[in-house]
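# Structure at a glance
Residues per chain, in single letters:
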Amino acid sequence: MSDATQQDAPQSNGPVLAADGTPLKQSLARSLRRQKLRALILIAPLLLFVILSFLVPIASMLFRSVENGIVEETLPETVAELASWDATSGELPPEEVYAAFVRDMVVAVDEKTHTRLGSRLNYEETGMSSMFRRSGRAIKKLDPVEDAPFKEKLIDIHDGWGEVKTWATIQTHSGKYTDGYFLNAVDMQRTAEGPEMQPENKRILLTLFGRTLKMSLIITGFCILLSYPVAWLLANLPMRISNLLMILVLLPFWTSLLVRTSAWKVMLQQQGVINDTLVWLGLVADDARLVIINNQIGTIVAMTHILLPFMILPMYSVMQTIQPTYLRAAKSLGATNWTAFWRVYFPQSIPGIGAGSILVFILAIGYYITPEIVGGTKGVFISNRIAYHISSSLNWGLAAALGTILLAVVLILYWAYDKIVGIDNVKLG
Amino acid sequence: MDFNKTAQQKWLKRKQGGLVAKLSNDAAFVEFKRVQKSYDGENLVVKDLNLSMPKGEFLTMLGPSGSGKTTCLMMLAGFETATHGDILLDGQSINNIPPHKRGIGMVFQNYALFPHMTVAENLAFPLEVRKIGKSEREKKVMRALDMVQMGEFGGRRPAQLSGGQQQRIALARALVFEPELVLMDEPLGALDKQLREHMQFEITRLAHELGITTVYVTHDQTEALTMSDRVAVFDDGRIQQLAPPDELYEAPGNSFVAQFIGENNTLEGVVTKISGNHCVVTLDNGEEIDAMPVNVTHAGERTKVSIRPERVEFNKERLHEDAHTLKAEVKEFIYMGDIFRFRLSVAGNDDFIVKTRNAPDAVKLKPGEIINIGWLAEDCRALDA
């Protein structure tokens, strides 16, 4: 250190001090605090809105995928008594369990919570719902003290109470939290012996997950193939023409999603425009019209069309920044048109492809309306199943579990993309 | 700098015009024959261009923007096609040869270094597409990098280099595959003044050392004058004058060139007397001056006479006795260190500039002073009106 700098900083060993003697770091933090506070106040309204309308509902929804208070809340004494019963012994639980169950049920029927418990347990064991509903009325008439013992009486009311399986189900799912929904979401179930695969005929969700991923990839692939030349044209044509083309690309954004999907229904159905034209041209026999709707083809065609702009726009904005002189330079250095494109232009356009692909893939994986309308049964996605559990079967726990898994898959893919391509390589403009 | 003495002498000789004169007798290496170019079918950007360049020449196309110089370069490179006429390279018409088969090196205005490749990969690119083996490729890349003193930068990306370094790499990339002809499109436009001057020297040194034929496009006249063997001054789609720098400055062929190259004073008038190498021009205010007829042939013609500021004499003792003189009023004195610059009002022209060297005996004129100015007849050229 030279003499001059030593004079400037006499205490070169300790922390650097500000003019008033406080450590410089501290006084810097203090002077920045105001700025930070002002920034926070500026974004506070939006932040609050997002938290209340987005983060909190999502968090509470996701929490439902593990929440399982209902069994313990409705049947507190039964759960306590069942704890000491061994389901694998093959014997029915002792009389105490039945007595506790009746006491719990009397209260539950009074509060009308027993049917809800029935539906909850029905997710795990079919038939439980009707058992609880039908037994409810009869149990209400019993007196928890005078009508003991209850074992025989309950079995009289419903055969189900005389089966080990019933009690095992209650016992297995009596915890405050459960992984049952997640197991269900991947076609498994929790039994007294531990998690195992569901019977073959009830497995559907894994297939749906697989199909959703596969078809989203196919759709993303088609979008890349179709968008690349369009984006290239947009970026390289004279402004006047490219603006016109840009309007054509943006046109779908100004049309309702539902309308566009319905249009595809008109196009693709067996008596639709495409089939009629093919028959009229004689390319397809009238009695062998193509089946291109209500299956995977329908979903892929319609979704590719709908998601195209999300691929074209990021590609376009990246390609716009690639100067034409790069291609000229490559050619002047001796590269053919193809080499110049492949070695010089294409690598520079990859960030656009990456951005478009992430956008399209993530949108596709959660798509719901289009597969619902043109997908039939073979072309529906996992999100259609989620919607079904939310609005029809009312199994919100399973819907939440499916949603959580979907979110996790997207995040994992995002992470993988970051590892392989690098997320800072993604450019939206 | 490490270029040897013979190259230096060769270069100096060429600078003096000797070598060019000899070379121009040889077959032309690059030739434009009656070339025209139109983009819209209504206006000609290049009108009837004829140009012939010997091998090894450094030719600069100089002109204001929109004069057609870059279009000419692009036609030579193959990125634009001539609407009419022939472009010949080494005696062969290249009109129908695509750019990648022309084997012409090119340095672009913004360098156009491929951002996704390292410097070494950029340089290897032209060798790779020529299917040159890996070991030889590496050797040539290294040699090219050393040539521009960038040997240690092979592993860097273009974005990690400064403007001047990028410029060197662009130059090396254009030279690495040993082209006989190199085109440069305003390559120094983005650099600051000092770096630009340094690179001007570097480029001419390399071009002459390697014996490359160079076509250089610029709108900076200093660059054109200091670097070139010959300069083609473009305006309005035509070459206005094609000459070595000294001739261009001292003997401009028409009033556009006189105006465009260097600082210039213009006076307008009518030729009243003409005899051989001397004529008398009567200015619009009735005063008479001596001039050398260049673009005028007979008395009565209108003309613009051009006098360089440093050729104007106002020291009474140094003027010829029989020379015509003009009355001038000093309007402004500008001190520029090495030179004094005076703005005078002469024959109705308020922007008449005179320069003198800052010598011990230099006359310092004060604003408001009335003086007589004059010049040698051969320094005052009567050009087209």
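For clarity, every value in this text was computed on a predicted model and none was experimentally measured. (Residues numbered from 1 in each chain as written. Chains lettered and ligands numbered in written order. Predicted model: local features only at pLDDT ≥ 70, side-chain atom pairs only at ≥ 80, totals over all residues. Heavy atoms only, no water.)

### Examining the UniProt feature "domain: ABC transmembrane type-1" (unreviewed entry) in chain A
Rule in force here: UniProt positions are given in the numbering used here, feature names are shortened, and annotations may be inferred rather than shown by experiment. Numbering of helices and strands starts at the N terminus; helices are DSSP runs of H or I of at least 4 residues and strands are runs of E of at least 2.
Mapped onto this numbering, the UniProt entry annotates "domain: ABC transmembrane type-1" (unreviewed entry) at residues 209-417 of chain A. Structurally, residues 209-417 of chain A comprises 78% helix and 0% strand, and the distance from its first C-alpha atom to its last is 20 Å.

### Some words on the interface of chain A and chain B
Inclusion rule: In this description, contact between two residues means that some pair of their heavy atoms is separated by no more than 4.5 Å. Accessible area that two parts lose when put together, evaluated with a 1.4 Å probe and summed over both, is termed the buried area. By salt bridge we mean one thing: a side-chain nitrogen of Lys or Arg within 4 Å of a carboxyl oxygen of Asp or Glu.
Between chain A and chain B, the residue contacts involve 17 residues of the former and 22 residues of the latter. Here chain A and chain B share an interface that buries about 1800 Å² over both sides, 67% of which is from carbon and sulfur atoms. Sorting the residues of chain A by area buried against chain B places A:Arg328, A:Leu333 and A:Arg343 first, and these three jointly supply 39% of that buried surface. The interface formed by chain A and chain B holds two salt bridges in total.

### Digging into the domain arrangement of chain B
Residues and elements named next belong to chain B. How we decide: Boundary definitions for the domains trace back to an automatic or database domain assignment. Throughout, the ten residues Ala, Val, Leu, Ile, Met, Phe, Trp, Tyr, Cys and Pro are labelled nonpolar, Asp, Glu, Lys and Arg are labelled charged, and all others, Gly among them, are labelled polar.
Its domain assignment divides chain B into domain 1 (5-103 + 179-255) and domain 2 (263-383). Computed over C-alpha atoms, the centres of domain 1 and domain 2 are 33 Å apart. Every contact between the two is made by eight residues of domain 1 and, on the other side, eight residues of domain 2. For the domain 1 face of the interface with domain 2, the top three residues by lost area are Tyr249, Pro252 and Ser255, together amounting to 65%. Our count for the contact surface shared by domain 1 and domain 2 stands at zero salt bridges. Top contributing element to the side of domain 1 that touches domain 2 by residue count: helix H9 (residues 245-250), with three residues. When grouped by side-chain class, the residues that make up the side of domain 1 that touches domain 2 number four nonpolar, three polar and one charged.

### Digging into the packing of helix H15 (residues 296-320) of chain A against helix H17 (residues 337-365) of chain A
Residues and elements named next belong to chain A. Using the following cut-off: A fitted line through C-alpha atoms represents every axis, and for helices the fit uses only the stretch in contact; the resulting angles, taken between N-to-C directions, go from 0 to 180 degrees. Two helices crossing with the near one rotated counterclockwise from the far one by less than a right angle form a left-handed crossing, whereas a clockwise rotation gives a right-handed crossing.
Where H15 contacts H17, the axes come no closer than 8 Å and their chain directions differ by 145 degrees. The element H15 and its partner H17 pack so that their crossing is right-handed. Looking at side-chain class alone, the contact of H15 with H17 contains 16 nonpolar, five polar and no charged residues.

### Side note on a positive patch on the surface
Counted only if it meets this: Two distance rules govern patches: like charges are joined within 9 Å, and nonpolar side chains (Val, Leu, Ile, Met, Phe, Trp, Tyr) within 5 Å, applied only to residues with over 30% relative accessible area and no salt bridge. Computed with the Shrake-Rupley method and a 1.4 Å probe, the accessible areas treat only the protein chains shown as cover for residues. For the charge count, each Lys or Arg is scored as positive and each Asp or Glu as negative, with His and the chain ends excluded. All charge positions are set by atom: Lys at NZ, Arg at CZ, Asp at CG, Glu at CD.
On the surface, A:Arg133, A:Arg134, A:Arg137 and A:Lys141 cluster together into a positively charged patch. Considering the arrangement of structural elements, one finds A:Arg133 in helix H7 (residues 128-141).

### Let's talk about the packing of aromatic side chains
Test applied: Pairing of aromatic rings covers Phe, Tyr and Trp, the last through its six-membered ring, and needs centres within 6.5 Å; plane angles under 30 degrees mean stacked, over 60 mean edge-to-face, and all others mean tilted. Only protein chains enter the area calculation, which uses a 1.4 Å probe; residues under 20% of their type maximum are buried, those over 50% are exposed, and those in between are partly exposed. By definition here, charges over rings are those cases where NZ of Lys or CZ of Arg is within 6 Å of the ring centre and within 35 degrees of the ring normal.
By the definition in use, this model includes 24 aromatic pairs over all chains. Between A:Tyr228 and A:Phe341, the ring centres sit 6.0 Å apart and the planes meet at 85 degrees, which makes this aromatic pair edge-to-face. Of the two residues, A:Tyr228 is situated in helix H11 (residues 205-236) and A:Phe341 in helix H17; the sequence distance between them amounts to 113 residues. Ring centres of A:Phe253 and A:Phe310 lie 5.2 Å apart, and the angle between their planes is 80 degrees; on these two criteria the pair is classed as edge-to-face. One end of the pair, A:Phe253, is in the loop between helix H12 (239-250) and helix H13 (257-268); the other, A:Phe310, is in helix H15, and 57 residues separate them in sequence. According to the relative accessible area criterion, A:Phe310 is partly exposed, its value standing at 25%. Through a chain of ring-to-ring contacts, the aromatic side chains of A:Tyr228, A:Trp338, A:Phe341, A:Trp342, A:Tyr345 and A:Phe346 assemble into a single cluster. Just above the ring of B:Phe114 sits the side chain of B:Arg173; from NZ or CZ to the centre is 4.5 Å. The side chain of B:Arg308 reaches across the aromatic face of B:Tyr249, ending 4.1 Å from its centre.

### Brief notes about the pairing of strand E8 (residues 213-218) of chain B
Residues and elements named next belong to chain B. Let me state the cut-off plainly: DSSP-based pairing: two strands are paired if at least 2 bridges between them are found. A crossover counts as right-handed when, viewed with the strands pointing away from the observer, the path leading from the first strand over the helix to the second turns clockwise.
In terms of residue burial, E8 counts as a mostly covered element, since six of its six residues are buried. Here strand E3 (residues 58-62) pairs with E8 via five bridges, running parallel. Paired with Phe58 across the two strands is Thr214, which belongs to E8. Examined bridge by bridge, strand E7 (residues 181-185) and E8 share five bridges and lie parallel to one another. Bridge pairing links Val182 to Thr214 in E8. The parallel pair E7 and E8 is bridged by helix H7 (residues 193-210), and the resulting crossover is right-handed.

### So, the environment of B:Lys355
Residue and element names in this part refer to chain B. Note the cut-off: Pairs of N or O atoms within 3.5 Å make up the polar contacts considered here, provided that, within protein, one atom can donate a hydrogen while the other can accept it, and that residues adjacent in sequence are counted only when both atoms are side-chain atoms.
Among the structural elements, Lys355 can be located in strand E17 (residues 349-357). Taking the C-alpha atoms as reference, Lys355 lies 24 Å from Glu197; in sequence the two are 158 residues apart. Polar side-chain contacts of Lys355 include one of 3.1 Å to the side chain of Glu263.

### Comments concerning the sheet that holds strand E14 (residues 302-307) of chain B
Residues and elements named next belong to chain B. Read around the closed barrel, the five strands follow the order E11-E12-E13-E19-E14; overall the barrel is mixed. For this sheet, the mean angle separating the axes of adjacent strands, direction not counted, is 55 degrees. One ladder, built from six bridges, connects strand E11 (residues 265-275) with E14; its direction is antiparallel. Counted as the bridge partner of Asn265 is Ile307 from E14.

### Describing unusual backbone geometry
The residue A:Asn294 is not glycine, and still its phi comes out positive at about 60 degrees. On the secondary structure map, A:Asn294 appears in the loop between helix H14 (273-281) and H15. Looking at A:Asn294, the relative accessible area reads 40%, which means it is partly exposed. Here the phi dihedral of B:Lys131 falls at roughly 60 degrees; this positive angle occurs in a residue that is not glycine. Tracing the chain through its elements places B:Lys131 in the loop between helix H4 (119-129) and helix H5 (134-147).

### What about the UniProt feature "transmembrane region" (unreviewed entry) in chain A?
With numbering aligned to this structure, UniProt lists the feature "transmembrane region" (unreviewed entry) at residues 39-63, 212-235, 241-259, 297-316, 350-369 and 394-417 of chain A. In residues 39-63 of chain A, helix accounts for 100% and strand for 0%; the two terminal C-alpha atoms are 32 Å from one another.

### Digging into the nonpolar core
What counts here: Only buried Ala, Val, Leu, Ile, Met, Phe, Trp, Tyr and Cys residues count toward a nonpolar core, and they belong to the same one when joined by side-chain atoms within 4.5 Å.
Judged by nonpolar contacts, the single largest core of 102 residues is most densely connected at B:Phe32, B:Met61, B:Leu76, B:Phe114, B:Phe125, B:Leu181 and B:Leu183. The greatest single-element share of this core, amounting to ten residues, is contributed by H15(A). Beyond its immediate chain neighbours, meaning those up to four positions away, B:Phe32 contacts B:Leu49, B:Asn50, B:Leu51, B:Met61, B:Cys72, B:Leu76, B:Asp86 and B:Ile87.

### A word on the sheet that holds E8(B)
Residue and element names in this part refer to chain B. Reading across from one edge, E6-E7-E8-E3-E9-E10 is the order of the six strands in this open sheet, with mixed pairing throughout. Strands at the two margins of the open sheet, each flanked by one partner only, are strand E6 (104-107) and strand E10 (238-243). Each neighbouring strand pair of the sheet contributes to a mean axis angle of 20 degrees, computed without reference to strand direction. As paired elements, E3 and strand E9 (residues 230-235) share four bridges and run parallel to each other. Across the sheet, the residue bridging to Thr60 is Val231, located in E9. Across the face of the sheet, helix H6 (residues 163-175) comes into contact with E6 and E7 while running at roughly 170 degrees to E6.

### Overview of the environment of B:Val45
Residues and elements named next belong to chain B. Here Val45 lies in strand E2 (residues 44-53). According to the relative accessible area criterion, Val45 is partly exposed, its value standing at 21%. Separated by 283 residues in sequence, Val45 and Ala328 have C-alpha atoms that sit 42 Å apart. Not counting chain neighbours up to four residues away, the residues in contact with Val45 comprise Lys37, Ser38, Tyr39, Ser67, Gly68, Thr71 and Gly237.

### Comments concerning the pattern of salt bridges
All names here are of chain B. This model, assessed by the stated rule, comprises 29 salt bridges over all chains. Residue Glu186 pairs with Lys69 through a salt bridge whose shortest N-O separation is 4.0 Å. Placement of the pair is Glu186 in the loop between E7 and H7 and Lys69 in helix H3 (residues 69-77), with a sequence separation of 117 residues. A single burial state applies to Glu186 and to Lys69, both of which are buried. Across the pair Arg205 and Glu209 runs a salt bridge, and its minimum N-O distance is 3.4 Å. Residue Arg205 and its partner Glu209 are located together in helix H7, separated by four residues, close to a single helical turn. Judged by relative accessible area, Arg205 falls into the buried class, the value being 4%. Given a relative accessible area of 36%, Glu209 falls into the partly exposed group. Taken together, the shared-partner salt bridges in this structure form one network comprising Glu136, Lys140, Arg143 and Glu178.

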